[in-house]
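What the coordinates show
Chain by chain, the residues:
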Amino acid sequence: MKHSFSPARDLAVIGGGIVGLATAMTWLQTRPGSRVTVLETEARVGQHQSGHNSGVIHSGIYYQPGSEKALLCREGKTKLEAFCEKHGIRWEKCGKVVVATDPSELSSLERIIERADLNGVEFRRITIDQLRQLEPSVAGVDAIVVPETGIVDYRSVCDAYRHCIEEMGGSVQLGFQVQRLDADDSGVRLAGVDHNQSSRKFDIRARSAIACAGLHSDTLVRQSESDASRSDTESSSEEVRIIPFRGEYYELRPERRGLCRNLIYPVPDPAFPFLGVHFTRMIDGNVECGPNAVLALAREGYRWRDIDVRYLQRTLGYSGFRRLIQKHWRKGLGEMNRSLRKSAFVSALQKLIPELRASDLIPARAGVRAQAVRANGELVDDFLFRSTPNVTHVLNAPSPAATASLAIARRVIEQHQKQNPNA
């Protein structure tokens, strides 16, 4: 079996999703002439989370004030909008409504309003009559409107990031699956398989690496930490594992898209880690409805029949997952019920739009969210980064990672430089 040896790079970025691409592009913008390579397993960039999300440019209204999510979302939103304007990417600041459908949700709505104030998010409270003017089909007892929320096609953003990387002299290697990451004080060696030529292995050397591996991020960081001392500033990643959750969507039939003019969101349940089903007008005019949140049975488990028995056994055997289920088993059963029974999914959506009927919905895509879970069963709610010699890992980057991608890139590069001054 042949091996190919590439000349040394200054930086190797593992993962051609939106965060990895933004990181490589930002590195080249701040270090012109650097030798930068992005290694992506799939045949195109943005193939997984980046290309299967809702397309929303988030305002940052939900996030804990002062958290990485809140700060980077606000910074990233501004940068992303400017990037789209500069590169001619279609986007729209359409706004969204957040609706309390029951009096029991009013205290949670007040909590969101407090966070909006602290996070500097533009919003206003509206009457039910004003809600009906914005979204005539919606039912609710109270609501706010967030005018600065937007929509975009993140696949187009990923393609533009890639174009910028290549224009600045970097490279994006598709079909390159990193299977081994060895790093020490002298540099990094990345080895794996080139799927463009299935019998060929690659061996790439770089001064340093940044891993933005999404669903595979915990595997790479555990491997790195097994060969190097752990950072004093972070707890062991052995306490964190990526659990894949599948979000399934329906979309409105074209003749029923008038039920949703822009974005309609519920007040999230503070006791449950996922947002709940909502309505999202996409930049292409489609209206998506969902998602639910069920355990994916493989890392890239986009369907119930996508099963990786070995990976599933490992997930079910993880103490953090078992404790998570103990905390949220009732909600979990409800999510599975909505996945398996369309009528249950419709009932959840009817809380926001009562006139919706099952016949209005057709099956749409699904996405898989890489969610970091601690050994005590807690979901890692914020972005999470790890550092080992010459490598920085993006270990947890859930929504709003696409919105915040350019800000995350800046943050990751700063941490990378701090931990590796010679990088």
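Rules used throughout
- Residues numbered from 1 in each chain as written.
- Predicted model: local features only at pLDDT ≥ 70, side-chain atom pairs only at ≥ 80, totals over all residues.
- Heavy atoms only, no water.
- UniProt positions renumbered as here; feature names shortened; annotations may be inferred.
- Pairing = 2+ DSSP bridges.
- Helix = DSSP H or I, 4+ residues; strand = E, 2+ residues; numbered from the N terminus.
- 1 Å grid on protein atoms, 1.4 Å probe; cavity = no way out; pocket = protein on both sides within 12 Å on 5 of 7 lines; lining within 4 Å.
- Points joined across faces, edges and corners; volume = space filled by probe spheres on them.
- Nonpolar A, V, L, I, M, F, W, Y, C, P; charged D, E, K, R; others polar.
- Salt bridge = Lys/Arg side-chain N within 4 Å of Asp/Glu carboxyl O.
- Buried < 20%, exposed > 50% of the residue type's maximum accessible area, 1.4 Å probe, protein only.

- Looking at an unreviewed UniProt entry, one finds the chain named Hydroxyglutarate oxidase and attributed to Rhodopirellula bahusiensis.
- Turning to the chain, the UniProt record has this under Cofactor (unreviewed entry): "FAD".
- Entered under Sequence similarities (unreviewed entry) in the UniProt record, the comment concerning the chain runs "Belongs to the L2HGDH family."

**What to know about the sheet that holds strand 8 (residues 150-152)**
- Pairing within the open sheet is antiparallel, and its three strands lie in the order 3-8-4. Every interior strand has two partners, whereas the edge strands, strand 3 (56-57) and strand 4 (91-92), have only one.
- In the sheet, strand 4 pairs with strand 8 via two bridges, with the strands oriented antiparallel. Pairing of Trp 91 across the sheet is with Val 152, part of strand 8.

**Digging into the layout of surface pockets**
- Put simply, the second largest pocket is a space of about 540 Å³.
- If you trace the second largest pocket, you find 25 residues lining it, with Glu 105, Val 267, Asp 269, Lys 331 and Lys 351 closest to the centre.
- Sorting elements by how many residues they give to the lining of the second largest pocket places helix 8 (residues 319-340) first, with five residues.
- Here the lining of the second largest pocket is composed, by residue class, of 12 nonpolar, five polar and eight charged.

**Section: the pattern of salt bridges**
- Tallying each qualifying case throughout the model produces 27 salt bridges.
- When the shortest N-O distance is used, the salt bridge between Lys 77 and Glu 148 registers 3.5 Å. On the criterion of sequence distance, the pair formed by Lys 77 in helix 2 (residues 68-87) and Glu 148 in the loop between strand 7 (142-146) and strand 8 is long-range, its members being 71 residues apart. By the burial criterion, Lys 77 is buried, and Glu 148 matches it.
- For Glu 166, the salt bridge goes to Arg 162, with nearest N and O atoms at 3.1 Å. Of the two residues, Glu 166 and Arg 162 both sit in helix 5 (residues 154-167), four residues apart, roughly one turn of that helix.
- Looking at Glu 166, the relative accessible area reads 37%, which means it is partly exposed.

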